[in-house]
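# Results of the structural survey
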Amino acid sequence: QQQVKQSPQSLIVQKGGISIINCAYENTAFDYFPWYQQFPGKGPALLIAIRPDVSEKKEGRFTISFNKSAKQFSLHIMDSQPGDSATYFCAASIGGGSNYKLTFGKGTLLTVNP
Amino acid sequence: EAGVAQSPRYKIIEKRQSVAFWCNPISGHATLYWYQQILGQGPKLLIQFQNNGVVDDSQLPKDRFSAERLKGVDSTLKIQPAKLEDSAVYLCASSSPTGSSYEQYFGPGTRLTVT
């Protein structure tokens, strides 16, 4: 059972463009939604995260938009750069502390052409 | 601050052989996770430790996989016997949830190929 569905599988964007990756979840008990960035040969690294009490969070060129009623959230990368080329994973979890467990989407391979 | 260390980085074994992976988390991190990442998919949690106790191992194939975290620091994940479908990257992560921070820090992973 896939609890977090991510799309698209791959995305090609020109330098300076906007990259948009979407995720949908099923479990309404999820209360923490992070995005991870993974470069080849490396482990995933936290990029930005949001809680369902806000509809948007922005950090630099990265923005999460969250729609609680639709059970969807998305990552927007403004002014995309070739260095942003990586695989992006959305995730969701319930609770915190010792019960904090992540459920990941399948990932989106982003390629930013120079 | 040193990151999560894993070894070996790569391992090739034949099916039915055994293999072990090692993880050293960030100093002071009480929670340790092992994930399996199959090519083209997101990481899947196998087991979660809090100090040296198991919090969740519901997705660990216990007939062939085992893990331990002696003394609440380093951890090892073992597969015996390995199957072809175990080919994946095994990621270790650690965290120290404080306040509103839930970040998990991942190691570089061990890429396992079973032939």
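Refer to the structure presented above.
Residues numbered from 1 in each chain as written. Chains lettered and ligands numbered in written order. Predicted model: local features only at pLDDT ≥ 70, side-chain atom pairs only at ≥ 80, totals over all residues. Heavy atoms only, no water.

Moving on, we get to the overall build of chain B. A tally of regular secondary structure across chain B gives 0 helices and 11 strands. Traced from its N-terminal end to its C-terminal end, chain B shows the element sequence β-β-β-β-β-β-β-β-β-β-β. Here the C-alpha radius of gyration of chain B, 14 Å, is about what a compact globule of 115 residues would show, namely 13 Å. The C-alpha extent of chain B, read off along each of the three principal axes, is 45 × 25 × 20 Å. In chain B, the proportion of contacts linking residues at least 24 apart, taken out of those at least 6 apart, comes to 53%. Positive and negative side-chain charges of chain B, numbering 12 and 10 respectively, have mean locations separated by a distance of 6 Å. (Helix = DSSP H or I, 4+ residues; strand = E, 2+ residues; numbered from the N terminus. Rg over C-alpha atoms; globule rule 2.2 N^0.38 Å. Contact = heavy atoms within 4.5 Å. Lys, Arg positive; Asp, Glu negative; His and termini not counted. Charge placed at Lys NZ, Arg CZ, Asp CG, Glu CD.)

Residues and elements named next belong to chain A. With antiparallel pairing, the 5 strands of this open sheet are ordered in space as β1-β3-β8-β7-β6. Across the chains shown, the open sheet's two edge strands, defined by having one partner strand only, are β1 (4-7) and β6 (56-59). The sheet shows a mean angle of 15 degrees between the axes of neighbouring strands, direction not considered. Where β6 meets strand β7 (residues 62-67), 4 bridges bridge the pair, whose relative direction is antiparallel. Each residue of the ladder has a partner; that of glutamate 59, found in β7, is phenylalanine 62. (Pairing = 2+ DSSP bridges. Axes fitted to C-alpha atoms, helices over the stretch in contact; angles between N-to-C directions.)

A few words now on the pattern of salt bridges. Going through the model one piece at a time under the given rule, you end up with 5 salt bridges over all chains. Between B:Lys62 and B:Asp57 there is a salt bridge, with its nearest N and O atoms 3.7 Å apart. (Salt bridge = Lys/Arg side-chain N within 4 Å of Asp/Glu carboxyl O.)

Attention shifts here to a nonpolar patch on the surface. Residue and element names in this part refer to chain A. Together, Ile18, Ile20 and Met78 give the surface a local cluster of nonpolar side chains, amounting to about 240 Å² of exposed area. If you trace the backbone, isoleucine 18 turns up in the loop between β2 (10-14) and β3 (19-25). The class of isoleucine 18 is partly exposed, set by a relative accessible area of 46%. (Patch = residues over 30% accessible without salt bridge, like charges linked within 9 Å, V, L, I, M, F, W, Y side chains within 5 Å. Areas by Shrake-Rupley, 256 points an atom, 1.4 Å probe, with all protein chains shown as cover. Buried < 20%, exposed > 50% of the residue type's maximum accessible area, 1.4 Å probe, protein only.)

All right, on to the pairing of strand β8 (residues 72-77) of chain A then. Residue and element names in this part refer to chain A. Two elements, β3 and β8, share 6 bridges in a ladder whose sense is antiparallel. By the bridge assignment for β8, asparagine 22 is matched with serine 74. Sheet topology places β7 next to β8; 6 bridges connect them, and they run antiparallel. Across the sheet, residue phenylalanine 66 finds its bridge partner in β8, namely phenylalanine 73. Between the antiparallel neighbours β7 and β8 lie 4 residues, among them lysine 71 with a positive phi of about 55 degrees.

Let's shift gears to the state of the cysteines. Enumeration according to the criterion identifies 2 disulfides over all chains in this entry. Paired by a disulfide, A:Cys23 and A:Cys90 hold their sulfur atoms 1.8 Å apart. On the sign convention where negative is left-handed, the bridge of A:Cys23 and A:Cys90, at about -90 degrees about the S-S bond, is left-handed. With A:Cys23 in strand β3 and A:Cys90 in strand β9 (residues 86-94), this pair connects stretches of sequence that are 67 residues apart. Each member of the pair A:Cys23 and A:Cys90 is classed as buried. Two residues, B:Cys23 and B:Cys92, share a disulfide whose sulfurs are 1.9 Å apart. As the torsion about the S-S bond is roughly -70 degrees, the B:Cys23-B:Cys92 disulfide counts as left-handed. Here B:Cys23 is found in strand β3 (residues 19-24), whereas its partner B:Cys92 is found in strand β9 (residues 88-95), with 69 residues between them in sequence. Since its relative accessible area comes to 0%, B:Cys23 is described here as buried. Under the relative-accessibility criterion, B:Cys92 is labelled buried at 0%. (Disulfide = S-S within 2.5 Å.)

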